[in-house]
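Residue-level structural notes
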Amino acid sequence: MEKFLFLSKFLQSPKTVGSITPSSRFLARAMVNPIDWPATESIAELGAGTGIFTRYLHELKHPGCKVMVFERDDNMRNRLESLYPDLYYHDNAVEIYSAMKKHHINQFDYVISGLPFMNFSQELRDAIMEGVEKSLKPGGMFIAFQYSLQMKKQLEQRFNRLDINFVPINIPPAFVYCCQKA
Ligand SMILES: C[S@@+](CC[C@H](N)C(=O)[O-])C[C@H]1O[C@@H](n2cnc3c(N)ncnc32)[C@H](O)[C@@H]1O
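An account of the accompanying structure is given in this report. (Residues numbered from 1 in each chain as written. Predicted model: local features only at pLDDT ≥ 70, side-chain atom pairs only at ≥ 80, totals over all residues. Heavy atoms only, no water.)

1. With respect to the sheet that holds strand β1 (residues 42-46)
Reading across from one edge, β3-β2-β1-β4-β5-β7-β6 is the order of the seven strands in this open sheet, with mixed pairing throughout. Either end of the sheet is taken by a strand with one partner, and the two such strands are β3 (88-90) and β6 (161-167). Averaged over all neighbouring strand pairs, the angle between strand axes comes to 15°, with direction disregarded. Sheet topology note: the β1/strand β4 (residues 108-113) ladder contains four bridges and is parallel. Within β4, the residue paired with A44 across the bridge is V111. Those strands touched by helix α7 (residues 122-135) are β1, β4 and β5 (136-146), and its axis lies near 140° from that of β5. (Pairing = 2+ DSSP bridges. Helix = DSSP H or I, 4+ residues; strand = E, 2+ residues; numbered from the N terminus. Axes fitted to C-alpha atoms, helices over the stretch in contact; angles between N-to-C directions. Contact = heavy atoms within 4.5 Å.)

Here's what the structure looks like:
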């Protein structure tokens, strides 16, 4: 069901959705693995899709941790909202900073991203990344997957520290970028 919904959204809007199928559980684990759960007060997830990462965030977070989910597609976002009503929801990731303030969150410990950055214009990429940088606590982490190493240079310029892990069991195989704010 999830795979069918995802594929139908990809066919409607290939550039925005960016992949024909949801990420694997191997990629989802690699995305949430760096999170220090007991110390985490708030997390944002950008581009949640059918929620393979959201499921882990919801399972692993402690009850006081706020999770804010950004998903542009109304059907996919509404579906997640009905599955996980205790999380916060917003449509466009470019509004991360204002949405965070609206929900009285000071700054995020982690921002997890499934956004297909390489399909976006440089202006949109910069606008989203400026919002992410402003919304992260000092020492906070931006964790993103991409299917190539093309974002490496841009992320190195923005963040203090960058580690990249390769996840082969995913369609297609993916790189996980873990970027730490100074
Ligand atoms: C490659 S899919 C990843 C979905 C899911 N995280 C996964 O890994 O299976 C990218 C998702 O980002 C969403 N998206 C694209 N642009 C967005 C934006 N500006 N704000 C919020 N979501 C966006 C798409 O609708 C799509 O669901």
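2. Overview of a nonpolar patch on the surface
A surface patch of nonpolar side chains, amounting to about 290 Å² of accessible area, comprises L7, L11 and I20. With respect to the secondary-structure elements, I20 resides in the loop between α2 (14-17) and α3 (25-32). (Patch = residues over 30% accessible without salt bridge, like charges linked within 9 Å, V, L, I, M, F, W, Y side chains within 5 Å. Areas by Shrake-Rupley, 256 points an atom, 1.4 Å probe, with all protein chains shown as cover. Salt bridge = Lys/Arg side-chain N within 4 Å of Asp/Glu carboxyl O.)

3. Overview of the site of the ligand
Taken together, 21 residues are adjacent to the ligand, and S23, G47, E71, N92 and A93 come closest. Between E71 and the ligand, the recorded distance is 2.6 Å, taken from a side-chain N or O atom to an oxygen atom. Against a free-state accessible area of 600 Å², the protein chains account for coverage of 98% of the ligand. For the shell around the ligand, the elements supplying multiple residues, two or more each, are α2 and α4 (52-60). Of the residues in the shell around the ligand, the class split is 12 nonpolar, six polar and three charged. (Near = heavy atom within 4 Å. Polar contact = N/O pair within 3.5 Å; in protein donor to acceptor, adjacent residues only side chain to side chain. Nonpolar A, V, L, I, M, F, W, Y, C, P; charged D, E, K, R; others polar.)

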